[in-house]
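As a plain string of letters, each chain reads:
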Amino acid sequence: MKTMLKTLVDRAATILILPAFFAYQSGKLLLGQEKAFPAWPQLLGLIPGLTGVYLRRAFYRLALRRCSTGSWIGFGTIFSHWTAEIGQNAYVGCYCCLGDVILEDDVLLGSHVSVINGAGQHGTERLDIPIREQPGRWPRITIGCDSWIGDRSVVMADVGKHCVIGAGSVVTRPVPDYAIAVGVPARVVRFRNQPPSDNKTDEAPQF
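These numbers were taken from a predicted model, which means no experiment stands behind them.

Undergrad: Hey, could you run me through the overall build of the protein in this one?
TA: The helix and strand inventory of the protein stands at four helices and 16 strands. Considering only C-alpha atoms, the protein reaches an extent of 60 × 55 × 25 Å along its principal axes. Of all 207 residues assigned to the protein, the portion counted as buried reaches 42%. For the protein, contacts bridging at least 24 residues in sequence account for 28% of all contacts bridging at least 6. Distance between charge centroids for the protein: 7 Å, based on 21 positive and 17 negative side chains.

Undergrad: Before we go on, may I ask you to explain the side chain of E85 in this structure?
TA: The topology assignment puts E85 in strand β4 (residues 85-86). Overall, the relative accessible area of 16% leaves E85 in the buried class. Those residues within four positions of E85 in sequence are excluded, and the remaining contacts are R65, R66, V101, I102, L103 and R140.

Undergrad: Sorry if this is basic, but what is going on with the packing of helix α1 (residues 2-31) against helix α4 (residues 49-63) here?
TA: Helix packing for two helices is described by the angle between their axes and how far apart those axes are. Packing of α1 against α4 leaves a shortest axis separation of 7 Å and a crossing angle of 60°. The angle between α1 and α4 falls in the class oblique. Here the hand of the crossing between α1 and α4 comes out right-handed. Where α1 abuts α4, its residues K6, V9, D10, A13, T14, L16, I17, L18, A20, F21 and Y24 lie against Y54, L55, R57, A58, F59, L62 and A63. Looking at the contact of α1 with α4 residue by residue, the class counts come to 14 nonpolar, one polar and three charged.

Undergrad: Explain the nonpolar core to me, please; I cannot follow it from the model alone.
TA: Nonpolar side chains in soluble globular proteins tend to end up buried together. Ranked by internal contacts, the top residues of the largest apolar core, which has 45 residues, are F59, F79, L98, L109 and V115. Of all the secondary structure elements, the ones that give two or more residues to this core are α1, α3 (39-44), α4, β7 (101-103), β10 (141-143) and β15 (179-182). Take this core: its biggest share by element is six residues, from α4. When residues no more than four places from it in sequence are discounted, the contact partners of L98 are I78, F79, S80, H81, V92, L103, L109 and V115.

Rules used in this analysis
Residues numbered from 1 in each chain as written. Predicted model: local features only at pLDDT ≥ 70, side-chain atom pairs only at ≥ 80, totals over all residues. Heavy atoms only, no water. Helix = DSSP H or I, 4+ residues; strand = E, 2+ residues; numbered from the N terminus. Buried < 20%, exposed > 50% of the residue type's maximum accessible area, 1.4 Å probe, protein only. Contact = heavy atoms within 4.5 Å. Lys, Arg positive; Asp, Glu negative; His and termini not counted. Charge placed at Lys NZ, Arg CZ, Asp CG, Glu CD. Axes fitted to C-alpha atoms, helices over the stretch in contact; angles between N-to-C directions. Parallel < 35°, antiparallel > 145°, perpendicular 65-115°, else oblique. Left-handed = near helix turned anticlockwise from the far one by under 90°. Nonpolar A, V, L, I, M, F, W, Y, C, P; charged D, E, K, R; others polar. Core = buried A, V, L, I, M, F, W, Y, C linked by side-chain atoms within 4.5 Å.

Below, the structure is given as structure tokens:
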């Protein structure tokens, strides 16, 4: 019964969001996809409660490259790229900022998490032109299935499967599967698939 009710609400949300989606499609024709897309996450992110969750999911299922059923996108969260992908049962907390990212199945993002496309988005070598005009690199970031990213973390590199990233951490290098990483920059302190006696935190690499 509960599953049937959720399905009905999902369908109703899809019908309600169609005018917004068609307006977005019109904007794409006039402005191009890159300019038309950001306004809609900003607008939809302001709808509170379960109503907002269902409407955001309905819109992103139509607008993003992938947005699976069962995903949860919290209040105030925005996506800056339509190429983002959200896996099955992925949870995104409130006030997150997400770029061109892949959130695999069962990923958990706490509140105020930023997942950005690398640390080299702007060139800084030249002094004769502004930083904003210098070319940068925008790698796509993947957070592996069943990984949990703590509140207020900043992720600038891939995170493997079944990982835990401590609250407030800054991930600057790829984190391997099953790792628990904390700090600024994030450092692997142990691995979830190894017994405590096999985890040597003194020799853990920096990330």
